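Listed below, chain by chain, are the residues.
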Amino acid sequence: MNRVSHWRVLSLLFLVSAPLAIAPARADTLSAVQVLREGGCGGILPAAQPVHHVQLLDRAAEQWAGGVSLEAAAKRSGYEAHSVAGVHISGAESSTIQLLRHSACRTVTSRALQDIGFYRRGLDTWVLLASAYVVPARPRTPVLAEQALRLVNEVRARGTRCGERSFGPAPPIRLSEILASVALGHASDMAEHNYFEHVDPAGRSPADRVRAVGYREKLVGENIAYGPQSVEEVVQGWLHSPDHCENIMDPRFAEMGLAYASGQSARRGLFWVQLLAAPRV
């Protein structure tokens, strides 16, 4: 009963640069932007909080000046941007605040943008403002497993439809620390080695992994997912997929383990694993 779920999700990463000395030209530009944000561009727009200078965005601004798109420049620099905007001005450093006020008030005072970087060449200055993805705080895995168990048992108690098949009420299942440990091992392995399969690179199936820790099973099922950011989202995704829904509603299953791991390479979303099993009595 090996089933696969897959969601596309934006990677989440919060990057903060260490405090660094700012060159005079950058200091002038930063000061100008801070003045405009504090004063709402002379009182014509709402005031905004000060921006934070981020060295990664200096690199991005330099790449943007070289012809790379804003989004690509931010990504190449290592800054994972949720949103990004750029302003290109040309003139003497002493006229920076006037140039920004006349050409880019709304951009430099946007409250949605909290970070800033600069690049200056000759009389030209490239200003890049952005906001980064932030990883939300997450409850511990046992808490998530309890939440998932409640959602699963609620749907099992009332019955549901999985695609073309209708399922009546099924007995509640219980959490298993052993299955949770096996689920975490597979989620972590997928996250570390950047794959999304039921069979791991060593050729082991979910049943193989369960047996390897001494769990005596009659039946094993596994649901996996990549991308969901909450227990509610991942369980609903499985319930909306007929094959995964059938796993959840199978009355033969009596125990469950659930875990997730954060991607570490190209895929930086969350890898989820739900193991369902009928223990051998």
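Residues numbered from 1 in each chain as written. Predicted model: local features only at pLDDT ≥ 70, side-chain atom pairs only at ≥ 80, totals over all residues. Heavy atoms only, no water.

**Thoughts on the packing of helix H3 (residues 55–65) against helix H4 (residues 70–77)**
In contact at an axis separation of 8 Å, H3 and H4 are set at 135° when each is read in the N-to-C sense. The angle between H3 and H4 places the two elements in the oblique class. Between H3 and H4 lies a crossing of right-handed hand. Contact residues: H3 offers Leu56, Arg59, Ala60, Gln63 and Trp64, while H4 offers Leu70, Ala73, Ala74, Arg76 and Ser77. Its residues assigned to classes, the contact of H3 with H4 comprises six nonpolar, two polar and two charged. (Axes fitted to C-alpha atoms, helices over the stretch in contact; angles between N-to-C directions. Helix = DSSP H or I, 4+ residues; strand = E, 2+ residues; numbered from the N terminus. Parallel < 35°, antiparallel > 145°, perpendicular 65-115°, else oblique. Left-handed = near helix turned anticlockwise from the far one by under 90°. Contact = heavy atoms within 4.5 Å. Nonpolar A, V, L, I, M, F, W, Y, C, P; charged D, E, K, R; others polar.)

**Observations concerning the environment of Met190**
Locating Met190 in the fold gives a position in helix H8 (residues 177–193). On the accessibility criterion, Met190 (0% relative accessible area) is buried. With 36 residues separating them in the primary sequence, Met190 and Tyr226 have C-alpha atoms 9.8 Å apart. When residues no more than four places from it in sequence are discounted, the contact partners of Met190 are Tyr195, Phe196, Glu197, Ile224, Phe271, Trp272 and Val273. (Buried < 20%, exposed > 50% of the residue type's maximum accessible area, 1.4 Å probe, protein only.)

**Digging into the sheet that holds strand S1 (residues 52–53)**
The four strands are arranged S1-S3-S4-S2 in an open sheet whose pairing can be described as mixed. Where the open sheet ends on each side, the last strands, each with one partner, are S1 and strand S2 (81–90). Looking at chain direction, S1 and strand S3 (residues 115–121) are connected through two bridges and run parallel. Paired with His52 across the two strands is Asp115, which belongs to S3. Contacting S2 and strand S4 (124–132), H4 crosses the sheet at an angle of about 115° to S2. (Pairing = 2+ DSSP bridges.)

**Observations regarding the state of the cysteines**
With the rule as written, the count across this model stands at two disulfides. What pairs with Cys41 in a disulfide is Cys105, and their sulfur atoms sit 1.7 Å apart. One quick way to see it: the torsion about the S-S bond of Cys41 and Cys105 is about -75°, and its sign makes the bridge left-handed. Here Cys105 lies in helix H6 (residues 105–108) and Cys41 lies in helix H2 (residues 40–43), a separation of 64 residues in the sequence. Exposure class is identical for Cys41 and Cys105. Each is buried. Each sulfur of the disulfide joining Cys162 and Cys245 lies 1.9 Å from the other. The sign of the -60° torsion about the S-S bond sets the Cys162-Cys245 disulfide as left-handed. Of the two residues, Cys162 sits in strand S5 (residues 160–162) while Cys245 sits in helix H11 (residues 242–249), which places them 83 residues apart along the sequence. Given the relative accessible area of 1%, Cys162 is considered buried. (Disulfide = S-S within 2.5 Å.)

**Remarks on the nonpolar core**
It is characteristic of soluble globular proteins that their nonpolar side chains tend to be buried jointly. Judged by nonpolar contacts, the single largest core of 27 residues is most densely connected at Val231, Val235, Trp238, Met256 and Trp272. Elements with a contribution of two residues or more to this core: helix H7 (141–158), strand S8 (217–226), helix H10 (231–239), H11, strand S9 (255–262) and strand S10 (270–279). Top contributing element to this core by residue count: H7, with six residues. Contact partners of Val235, with chain neighbours within four places excluded, come to Ala148 and Leu151. One finds Leu179, Ala191, Ala207 and Ala259 within the second-largest nonpolar core, a separate group that totals 20 residues. (Core = buried A, V, L, I, M, F, W, Y, C linked by side-chain atoms within 4.5 Å.)

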